[in-house]
Every structure is written in C-alpha cells, then in structure tokens.
Amino acid sequence: NAYGFIGVQNTQEISAEIISIVDNAIQMLAIILENQEQSQLLSAEKESLAAAVAVRTAELQDHRTRLEFAIVGSKGGEWFYEYDPDDASGEFTPIAVFYSPQLKQFIGYRDDEFPNSLEAWDQQIFPEDLLFIQQKVRAVLTGRQEFLDEEFQIYHKDGSVRWLATQGRVQRAE
C-alpha cells in the first residue's frame with residue numbers, strides 16, 4: 001500500500017482557493033492510489049482464474065481423450081441430440097444432432113457421407129423397430145423412464161440388417 005502526502009508550508013497567509021486546490025489534489029491522489037491497488041488485485045485474480053481455467057480445460061481434454069479411446073476400443077459410437085429446453089410443444093424436435101464417425105461406420109458410411117440428421121437416422125432403423133425406439137426415447141425425454149437401454153435393427157449401407165444396442169440418458173442444463 002502506497003501513501004502520498006502533499007504539504008504546503010508558507011509563512012504568508014494561504015488563500016482559500018489554494019487550500020481547495022490542494023484538497024482536490026489530495027483527494028485525486030487518494031483515488032488514483034486506490035484504483036492502482038484495485039487494479040493490482042484484479043490482475044492477480046485474473047491470473048489465478050486463467051490458471052484454473054487452463055487446469056480444468058486440460059482435465060476435460062484428458063477425460064474426452066479417455067472417452068474416445070473407450071468408444072473406439074469397444075467398436076462403439078456416440079450420438080447426441082440437443083433439444084430446446086423452452087420448447088413447450090411436446091414434439092421433442094432436436095435443434096442439434098450429432099452421430100460420431102464410428103457410429104456412421106457401423107452402418108457402412110464415412111463421416112462425410114451420412115448427415116447428422118434425425119430423419120436420416122430414422123430411415124436406417126428397421127421399420128418394425130422404429131416406433132418402439134421413438135416411444136422409448138420419448139419416455140426418457142419426458143422423465144417416465146430414466147435411461148434408454150434398447151436393441152434394435154438398423155440397415156447397413158450394403159442393405160444388410162444389423163443389431164444395434166443403444167444406451168442414453170437425458171442431461172438437463174442446470
């Protein structure tokens with residue numbers, strides 16, 4: 001903490017105007033010193049937060065890498081649907097859809113060949129299984145069921161039919 005003093009010493013009488021100027025200068029100096037102190041504190045806090053963010057980012061990347069290894073090692077894939085939490089229509093139309101390259105590969109497609117589209121995915125599901133899976137997904141989305149853990153038939157790009165086991169759960173934004 002730095003402090004400053006301004007003093008005036010004169011054997012002659014000091015006018016009220018000079019006293020006012022000196023008082024204002026002292027007040028301005030006090031404000032400048034306080035702002036410098038606050039700036040130093042904020043700078044230290046910023047550095048601390050940046051370090052914490054860097055550590056957390058590295059941890060998340062490490063977890064993501066482990067998850068990817070687990071998925072690839074299991075010859076599985078991942079999928080993700082994002083829904084608008086404010087949509088009260090009850091339609092559950094996703095605003096974002098993602099299917100991993102490994103999941104697309106399971107049904108015979110390269111990542112760039114198969115769109116991240118619920119409609120395209122539904123067209124791959126065996127017709128006798130589609131309504132069942134849609135009902136199970138809706139049960140999870142509405143909270144009537146906690147997890148999705150089902151098996152269904154899905155068409156491969158070559159026309160053959162494969163069985164796919166899928167698991168999922170809803171993660172609501174906090």
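Source: prediction; values computed, not measured.

> I'm lost on the pattern of salt bridges in this one. Help?
Where charged atoms of side chains with opposite charge meet at close range, the side chains can pair. Summed over the entire model, instances satisfying the criterion amount to seven salt bridges. In this structure, Arg56 and Glu59 form a salt bridge, with 3.3 Å as the shortest nitrogen-oxygen distance. Highlighted residues: Arg56 and Glu59, both in helix 1 (residues 16-73), separated by three residues, approximately one helical turn. One salt bridge connects Lys157 with Glu113, and the closest N-O pair in it is separated by 2.7 Å. Of the two residues, Lys157 sits in the loop between strand 3 (147-155) and strand 4 (161-169) while Glu113 sits in the loop between helix 2 (101-106) and helix 3 (118-124), which places them 44 residues apart along the sequence. Within the structure, one salt-bridge network assembled from shared partners comprises Arg110, Asp112, Glu113 and Lys157.

> Explain the packing of aromatic side chains here, please?
Any two aromatic rings considered together are summarised by their centre-to-centre distance and by the angle between their planes. Going through the model one piece at a time under the given rule, you end up with nine aromatic pairs. Relative to Tyr83, the ring of Tyr81 lies with its centre 6.5 Å away and its plane at 90°, an arrangement referred to as edge-to-face. In this structure Tyr81 comes out as buried when scored by relative accessible area, which is 16%. Note on Phe126 and Tyr155: the rings are 5.7 Å apart at their centroids and 45° apart in plane angle, and the pair reads as tilted. Taken as a pair, Phe126 in the loop between helix 3 and helix 4 (127-141) and Tyr155 in strand 3 lie far apart in primary sequence, 29 residues in all.

> Can you help me understand the confidence of the model for the protein in this one?
Reading fine detail from the predicted coordinates is not recommended where pLDDT is low. Scored by pLDDT, the protein comes out at a mean of 84, with 88% of its residues at no less than 70. Mean pLDDT in the protein bottoms out at helix 1, which sits at 83, and peaks at helix 3, which reaches 94.

> So what exactly am I meant to see when it comes to the layout of surface pockets here?
Any empty space left between atoms is shown by rolling a water-sized probe over those atoms. Approximately 1,000 Å³ is the volume attributed to the largest pocket. Sorting the residues of the lining of the largest pocket by element identifies helix 1, strand 1 (79-83), helix 4, strand 3 and strand 4 as the ones contributing at least two each. Counting residues per element, the lining of the largest pocket draws most heavily on strand 1, which supplies five residues. Split by residue class, the lining of the largest pocket holds 14 nonpolar, six polar and eight charged. Put simply, the second largest pocket is a space of about 680 Å³. Lining the second largest pocket are 31 residues, with Trp79, Tyr81, Leu118, Trp121 and Val137 positioned closest to its centre. Listed by contribution, the elements that provide at least two residues to the lining of the second largest pocket are strand 1, strand 2 (94-99), helix 2, helix 3, helix 4, strand 3 and strand 4. Tallying contributions element by element places helix 4 first for the lining of the second largest pocket, with five residues. Per-class residue counts for the lining of the second largest pocket are 19 nonpolar, seven polar and five charged.

> Hey, could you run me through the side chain of Glu150 in this one?
Inspection of the secondary structure puts Glu150 in strand 3. No salt bridge is formed by the buried Glu150; its nearest oppositely charged neighbour, Lys136, is found at 4.0 Å. Those residues in contact with Glu150 that sit more than four places away from it in its chain are Phe132, Ile133, Lys136, Gln145, Leu164, Ala165 and Thr166.

Here is what the cut-offs are and how they apply
Residues numbered from 1 in each chain as written. Predicted model: local features only at pLDDT ≥ 70, side-chain atom pairs only at ≥ 80, totals over all residues. Heavy atoms only, no water. Salt bridge = Lys/Arg side-chain N within 4 Å of Asp/Glu carboxyl O. Helix = DSSP H or I, 4+ residues; strand = E, 2+ residues; numbered from the N terminus. Phe/Tyr/Trp six-rings, centres within 6.5 Å; stacked < 30°, edge-to-face > 60°. Buried < 20%, exposed > 50% of the residue type's maximum accessible area, 1.4 Å probe, protein only. pLDDT = per-residue confidence, 0-100. 1 Å grid on protein atoms, 1.4 Å probe; cavity = no way out; pocket = protein on both sides within 12 Å on 5 of 7 lines; lining within 4 Å. Points joined across faces, edges and corners; volume = space filled by probe spheres on them. Nonpolar A, V, L, I, M, F, W, Y, C, P; charged D, E, K, R; others polar. Lys, Arg positive; Asp, Glu negative; His and termini not counted. Contact = heavy atoms within 4.5 Å.

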